[in-house]
Amino acid sequence: MTKLTPTPAGAVLVAIDMSKSRQEVLIERPEGGRRRRMTVMATRQDYDGFAEQLAAIGRRIIVGFEATGNYHRTLAHRLLTAGFELRLISSVALARTREALHNGWDKNDPKDAQVILHMLRIGATQRYVDPLAAGINDLQELSKTHETISRMKTQTWHRILTHYLPLYFPEIARFAGNSRSDWFLALIERFPTPASITALDAGAFSAAAWPLIGRKVSKARLINDIYETACASVALPVPEESAAITMFRMVIAQGRSLIQQRDEIERLAHDRLAEHVDYQLLRNIPGIGPINALTILAEAGDLRRFNHHRQFLKFCGLDLATCQSGTFRGRTKLSKYGNARLRRTFWMAAQVAARQRDNSFRDKLGRYTAGHADDADRRRKAMTALTAKMARVAHAVVKTGTEYRPFLERSDARWKDPSRQVP
């Protein structure tokens with residue numbers, strides 16, 4: 001959150017415009033005079049020399065910079081370990097301030113360093129949390145890699161369902177189930193076409209498919225249904241040894257590999273966090289599973305650093321904002337200026353909690369939508385309120401160290417429809 005933090009008197013301000021290979025630096029002393037400009041290359045020798053030059057000043061140093069991908073991480077960690085104070089500059093605030101100061105959209109590295117220095121001077125900065133120093137670097141890598149692999153797995157799954165199966169085995173799609181199941185991919189990898197199934201008799205196919213499907217209710221009936229489906233299939237008559245089927249099997253193997261990688265990440269995350277107190281507290285909240293809890297801890301770090309839940313909501317972008325000018329007043333909406341991954345995580349957790357029984361989230365949703373079951377807009381607003389409530393509860397249980405209590409909210413604590421309120 002960007003806020004005005006008074007700059008300490010007597011501190012030397014250092015503004016750094018980060019990039020991949022070089023950093024433009026601007027240093028200003030409190031007594032005034034000519035500002036010092038220098039360029040620091042992204043090498044260990046330059047980083048060490050830069051830290052030594054700052055330490056040689058012998059005064060309090062405050063360093064400000066804008067996050068630039070991950071390129072800022074190495075220099076920021078080097079300066080943090082050297083004992084300097086680090087301040088983060090919002091990219092949005094930097095762009096708006098640059099346009100206001102220079103009356104144009106022209107952008108270059110020296111100009112950005114000047115704007116960063118101005119924002120340091122007025123105290124429009126954010127607190128910088130170094131993931132490595134805060135002990136959440138491993139959690140962030142687990143969380144982000146899990147998200148990447150899950151997205152790739154979903155894309156592969158959709159490619160199989162929408163491209164390969166309609167061509168080579170359309171009828172078997174009804175047995176697909178959900179994308180977390182490996183048995184279906186194992187089955188079509190072994191039998192990618194109806195002809196590969198009908199080449200065997202029913203007994204031989206059952207014996208071959210039995211270990212692939214795993215534990216299933218009415219397993220024999222399922223295998224028999226798949227065999228009968230293959231006998232009546234309208235799939236293209238493509239030979240199993242063709243290049244097209246080879247490509248099909250290659251994509252299936254990729255999907256299965258991604259499922260194994262995702263499961264391994266989930267196992268590693270659970271083993272690492274099993275004894276983590278905050279992780280256990282978050283897992284007790286309805287809708288928050290292992291991956292949601294991992295993402296919250298990875299993206300927010302220690303939730304106790306937020307003194308009030310409104311600060312945490314603003315960090316997530318779940319705070320309310322209204323555009324108002326003169327007699328005009330716009331609609332109140334979420335600002336969405338915070339961490340998008342946290343916001344999405346709490347949204348998904350609220351969706352899950354709303355489907356469960358006996359918790360305050362489901363009860364709150366029922367009261368919000370009472371009498372308006374078919375109003376999609378009201379339900380969307382209700383789910384947004386549940387998302388904010390999920391973030392507040394997560395902050396509360398971690399900050400107070402108390403487990404979530406599945407109580408029902410008071411009957412008088414009801415959402416009031418603004419359109420029905422009397423002014």
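The coordinates are above.
Predicted model only: the values in this text are computed from it and were never measured. (Residues numbered from 1 in each chain as written. Predicted model: local features only at pLDDT ≥ 70, side-chain atom pairs only at ≥ 80, totals over all residues. Heavy atoms only, no water.)

**Some words on the packing of aromatic side chains**
Logical step 1: In this structure the tally under the stated criterion is 11 aromatic pairs.
Logical step 2: Ring geometry for Phe 65 and Tyr 128: centres 5.1 Å apart, planes at 75°, overall edge-to-face. Note that Phe 65 is positioned in strand S5 (residues 61–66) and Tyr 128 in the loop between strand S7 (124–127) and helix H5 (131–134), a separation of 63 residues in sequence.
Logical step 3: Judged by relative accessible area, which is 1%, Phe 65 ranks as buried.
Logical step 4: Given a relative accessible area of 12%, Tyr 128 falls into the buried group.
Logical step 5: Relative to Phe 184, the ring of Trp 157 has its centre 6.1 Å away and its plane inclined at 65°; by these criteria the two rings are edge-to-face. Of this pair, Trp 157 sits in helix H6 (residues 137–168) while Phe 184 sits in helix H7 (residues 183–190), and the two are 27 residues apart along the sequence. With respect to burial, Trp 157 and Phe 184 carry one shared label: buried. (Phe/Tyr/Trp six-rings, centres within 6.5 Å; stacked < 30°, edge-to-face > 60°. Helix = DSSP H or I, 4+ residues; strand = E, 2+ residues; numbered from the N terminus. Buried < 20%, exposed > 50% of the residue type's maximum accessible area, 1.4 Å probe, protein only.)

**Quick notes on helix H14 (residues 309–316)**
Logical step 1: Looking at H14, one finds that the buried residues are Phe 312, Leu 313, Phe 315 and Cys 316. Buried residues of H14, viewed axially, fall in a sector of 160°; they line one side.
Logical step 2: Contacts from the buried residues of H14 go to helix H13 (290–300), helix H15 (340–355) and helix H17 (376–400).
Logical step 3: Gly 317, located one to two residues past H14, shows a positive phi value of around 80°. (Arc of directions from axis to C-beta. Contact = heavy atoms within 4.5 Å.)

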